[in-house]
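Listed below are the residues making up each chain.
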Amino acid sequence: MAKKQFKTESKKLMDLMINSIYTNKEIFLRELISNASDAIDKLYFKSLTDSTVGISKDDFGILITLDKDARTIKVSDNGIGMTRDELENNLGTIARSGSLDFKNENNTDDKIDIIGQFGVGFYSAFMVASKVTVVSRAFGSDEAYLWESSGADGYTISETTKDSLGTEITMTLKPDSDDENYSEFLEEYRISGIIKKYSDYVRYPIRMYREKTREKERPADAGEDYTPEYETYTELETVNSMIPLWKRQAKDVTDEEYFGFYKDKFMDYSDPAKVIHTSAEGAISYNALMFIPSRAPYDYYTREYEKGLQLYTSGVMIMDKCADLLPDHFSFVKGVVDSQDLSLNISREMLQQDRQLGIIRRNLEKKIKNELKSMLTADRDKYEEFWKNFGRQIKFGCYNSFGQNSDLLKDLLIFWSAKENKMITLDEYVTAMGSEQKYIYYAAGDTAERLAKLPAARTVLDKGCDLLLLSEDVDEFCLQVLREYNEKQFKNINSGDLELETEDEKKAADKASEESKDLLDAVRKALDGKVKDVRISTRLKEHPVCITADGPLSIEMEKILASMPGDDKPVSDKVLELNANHPVFEKLKTADPDKLKKYAGILYNQARIIEGLPIEDPVEYTKDVCDLF
Ligand code: ADP
């Protein structure tokens with residue numbers, strides 16, 4: 001019989017499959033099962049209007065048969081089948097092959113990606129098989145045909161017989177080599193594992209004969225010392241569970257089912273903190289089942305962590321971690337998205353896929369945000385627990401990409417309130433503040449305890465204003481990107497004018513500044529460029545001195561940037577503030593120029609210590625202090 005040649009592009013794809021270095025060869029089964037399921041779909045829909053089909057819904061199914069001696073795997077379905085022409089056209093050509101761009105032929109990475117994500121259908125059988133035969137009988141025909149190919153050199157089609165409708169694909173596995181073990185695909189546990197992994201939710205039963213052991217029936221006279229005897233038998237078993245949890249109505253699913261599914265699928269031993277089960281219908285339809293873990297995975301804040309949701313299309317898994325479905329700020333979410341609007345094969349435009357994924361992502365993002373928001377309102381303890389795990393990521397999200405997502409995320413932020421002694425939202429801060437208060441005050445540093453003791457913290461609290469204590473390095477960057485909340489700007493209590501003083505206090509400070517102009521000038525000169533300015537403070541009560549920042553970069557941010565790798569660290573513009581009501585100030589007024597220089601240096605370094613900044617020259621500082629005795 002004359003061999004027919006594959007169409008050029010098919011031949012190329014075939015070569016690619018035969019010589020595939022793609023390691024995930026197991027997906028061939030997913031592809032064939034998916035084709036079988038499509039074929040059954042077609043016949044099933046026909047059966048709804050055409051009584052001659054003669055198969056009832058419950059009889060549809062896919063059968064996988066393994067034969068170790070013959071080294072074959074058989075995938076049989078009772079679907080619509082293929083006529084001779086269809087065998088010729090469908091298996092001799094790649095359907096709608098236009099979208100497979102073979103011009104990039106040298107870029108194997110691209111191709112591997114295509115195989116991995118969307119598969120290449122029937123041809124993937126050649127990744128594991130040296131010979132593939134397809135026997136098919138189409139609905140409406142009594143004739144059956146045999147398609148056969150041993151690779152890229154062509155295929156034959158001949159007439160054969162087949163009792164029932166449908167298609168039977170037999171793959172003869174390639175021999176094992178040093179690098180590849182194909183025989184593993186003859187093992188029941190391996191094949192059933194692959195079915196569970198990729199095709200668990202195909203809606204027709206996928207059956208396999210499985211070898212089992214049972215005890216033989218005991219003879220009637222078996223006594224106490226009878227040793228049981230065993231025998232093996234085969235049983236036809238359905239491997240896939242068919243109806244995925246996410247396709248069921250949320251009201252019909254118990255927490256146990258959700259939790260079990262989550263722990264099983266995402267390898268966590270704790271129940272999730274939150275289950276989000278949602279679906280959409282319309283321009284793009286999908287079902288999504290998402291989970292917020294109750295603990296951050298150990299590698300969550302490392303580069304190793306990979307975000308993403310599992311992507312299914314019509315019950316078939318096409319991607320394990322689809323990163324495009326999750327924004328970075330919600331990268332902790334685990335889950336599954338199933339959309340029949342995405343196609344398993346690559347024949348549709350990739351761009352189109354991207355657009356659809358984009359729509360789903362935006363919907364899911366909104367959904368996750370709303371769920372978190374309602375947790376924040378309804379169950380604050382639970383939310384605080386969530387915040388301990390993932391708050392940092394939300395704050396990162398706020399300031400990343402120039403604050404592009406800050407509007408979405410700002411209402412999810414909580415910070416420690418020095419006045420309330422608990423975590424509060426920005427909205428709660430603003431709602432509680434007096435009408436004359438201009439700013440949302442905050443202090444940033446390593447611990448809330450230390451921050452609460454800052455001289456300026458007392459001043460703010462004494463004025464009756466609340467103060468947010470920010471103890472994580474990202475906090476201040478996050479607020480800086482936000483700039484304001486409900487038209488109230490954020491104000492670091494150690495930067496610039498707090499605008500807390502009354503008119504009288506202001507006047508007094510201005511007067512003191514005027515009177516001490518020469519002294520302040522002298523201190524500034526003595527510090528020799530270390531500070532931009534020396535001023536009379538309005539934020540000091542008991543302490544003699546403090547350092548504040550003038551300009552956008554705060555002292556805390558300077559510290560954080562200094563701890564990061566790289567040269568050329570930015571420094572903040574510092575201002576030394578003196579307390580005009582402190583005895584030390586009187587001393588300064590009467591000090592001779594030499595003493596004044598020393599005092600200035602000591603006070604400057606003390607202010608640095610209070611701020612948690614290093615002393616520039618500890619030896620000289622110690623000497624200067626000792627000279628005071
Ligand atoms: P795709 O499924 O992406 O269209 P394939 O190469 O996997 O590409 O299959 C090509 C075509 O062959 C299918 O579109 C279908 O029409 C036909 N086909 C494949 N497997 C079967 C099957 N088991 N039963 C009926 N038709 C099939």
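Re the side chain of Arg137
- The residue Arg137 is located in strand β3 (residues 129–137) in this model.
- Polar contacts involving the side chain of Arg137 include one to the main-chain carbonyl oxygen of Lys162, which spans 3.2 Å.
- A distance of 2.7 Å separates a polar side-chain atom of Arg137 from the backbone oxygen of Asp163.
- If we ignore the near neighbours within four places in the chain, the residues touching Arg137 are Ile80, Gly81, Met82, Asp142, Glu143, Ala144, Lys162, Asp163, Ser164, Leu165 and Gly166.

Digging into the packing of helix α17 (residues 583–590) against helix α18 (residues 593–611)
- Between α17 and α18, whose axes approach to 9 Å, the crossing angle comes to 150 degrees. Compared by their axis directions, α17 and α18 come out roughly antiparallel. Classified by chirality, the crossing of α18 by α17 is left-handed. On α18, the residues that touch Val584, Lys587 and Leu588 of α17 are Leu596, Tyr599 and Leu603.
- Looking at the contact of α17 with α18, its residues break down into five nonpolar, no polar and one charged.

Let's talk about the layout of surface pockets
- The space that makes up the second largest pocket amounts to roughly 1000 Å³.
- Secondary structure elements with two or more residues in the lining of the second largest pocket: α4 (108–118), α5 (188–199), α6 (255–266), β11 (309–313), β12 (316–322) and β13 (334–338).
- Tallied by class, the residues present in the lining of the second largest pocket amount to 19 nonpolar, seven polar and 15 charged.
- Both domains that meet at the lining of the second largest pocket, namely domain 1 (10–212) and domain 2 (245–382), each give it at least three residues.

Section: the pattern of salt bridges
- One pass over the structure, following the stated rule, counts 49 salt bridges.
- Residue Asp521 pairs with Arg524 through a salt bridge whose shortest N-O separation is 3.1 Å. Within this pair, Asp521 and its partner Arg524 are both found in helix α15 (residues 517–526), separated by three residues, close to a single helical turn.
- One connected set of salt bridges, linked through shared partners, spans Glu188, Arg210, Lys212, Glu235 and Glu237.

What about the sheet that holds strand β9 (residues 274–280)?
- Sheet architecture is open: five strands sit in the order β9-β10-β13-β11-β12, paired in mixed fashion. Among the strands making up the open sheet, the edge pair consists of β9 and β12. Along the sheet, successive strands turn relative to each other by an average axial angle of 15 degrees, direction set aside.
- Of the strand pairs in this sheet, β11 and β12 are connected by four bridges, and their pairing is antiparallel. Bridging from a neighbouring strand, Tyr312 pairs with Met317 of β12.

Observations regarding the packing of aromatic side chains
- According to the stated counting rule, one finds 27 aromatic pairs in the structure shown.
- Summarising the aromatic geometry, the rings of Trp147 and Tyr155 are spaced 5.7 Å apart at their centres and angled 20 degrees between planes, so their arrangement reads as stacked. Each of the two residues, Trp147 as well as Tyr155, counts as buried.
- Among the aromatic residues, ring-to-ring pairing joins Tyr300, Tyr301, Tyr305, Phe330, Phe332, Tyr383, Phe386, Trp387 and Phe390 into one connected group.

Side note on the environment of Asp446
- Counting through the fold element by element, Asp446 comes out in the loop between β16 (439–444) and α11 (448–452).
- Along the chain, Asp446 and Tyr604 lie 158 residues apart, while their C-alpha atoms are 21 Å from each other.
- Those residues in contact with Asp446 that lie beyond four places of it in its chain are Ser471 and Glu556.

Comments concerning unusual backbone geometry
- Although it is not a glycine, Arg71 adopts a positive phi angle of roughly 55 degrees.
- Here Arg71 is to be found in the loop between β1 (62–67) and β2 (72–77).
- By relative accessible area, which is 21% here, Arg71 ends up partly exposed.
- The phi torsion at Arg483 lies on the positive side, around 70 degrees, for a residue other than glycine.
- With respect to the secondary-structure elements, Arg483 resides in the loop between α13 (473–482) and β18 (484–485).
- We classify Arg483 as exposed; its relative accessible area is 63%.

Side note on α15
- Within α15, the full set of buried residues consists of Leu519, Leu520, Val523 and Ala526. An end-on view of α15 places all buried positions within 125 degrees of arc, on one side of the element. Residues of α15 that are exposed and point more than 90 degrees away from the buried face comprise Asp518 and Lys525.
- Buried-residue contacts for α15 involve α14 (503–515), β20 (533–536), β22 (573–578), α17 and α18.
- Count one or two residues on from α15 and you reach Asp528, which has phi positive near 50 degrees.

Considering the pairing of β20
- Covered by surrounding structure in β20 are Val534 and Ile536 only, the residues Asp533 and Arg535 on the alternate face being uncovered.
- Alignment of β20 against β22, held across four bridges, turns out to be parallel. Counted as the bridge partner of Asp533 is Val575 from β22.

Conventions used here
- Residues numbered from 1 in each chain as written.
- Predicted model: local features only at pLDDT ≥ 70, side-chain atom pairs only at ≥ 80, totals over all residues.
- Heavy atoms only, no water.
- Helix = DSSP H or I, 4+ residues; strand = E, 2+ residues; numbered from the N terminus.
- Polar contact = N/O pair within 3.5 Å; in protein donor to acceptor, adjacent residues only side chain to side chain.
- Contact = heavy atoms within 4.5 Å.
- Axes fitted to C-alpha atoms, helices over the stretch in contact; angles between N-to-C directions.
- Parallel < 35°, antiparallel > 145°, perpendicular 65-115°, else oblique.
- Left-handed = near helix turned anticlockwise from the far one by under 90°.
- Nonpolar A, V, L, I, M, F, W, Y, C, P; charged D, E, K, R; others polar.
- 1 Å grid on protein atoms, 1.4 Å probe; cavity = no way out; pocket = protein on both sides within 12 Å on 5 of 7 lines; lining within 4 Å.
- Points joined across faces, edges and corners; volume = space filled by probe spheres on them.
- Domains from an automatic or database assignment.
- Salt bridge = Lys/Arg side-chain N within 4 Å of Asp/Glu carboxyl O.
- Pairing = 2+ DSSP bridges.
- Phe/Tyr/Trp six-rings, centres within 6.5 Å; stacked < 30°, edge-to-face > 60°.
- Buried < 20%, exposed > 50% of the residue type's maximum accessible area, 1.4 Å probe, protein only.
- Arc of directions from axis to C-beta.

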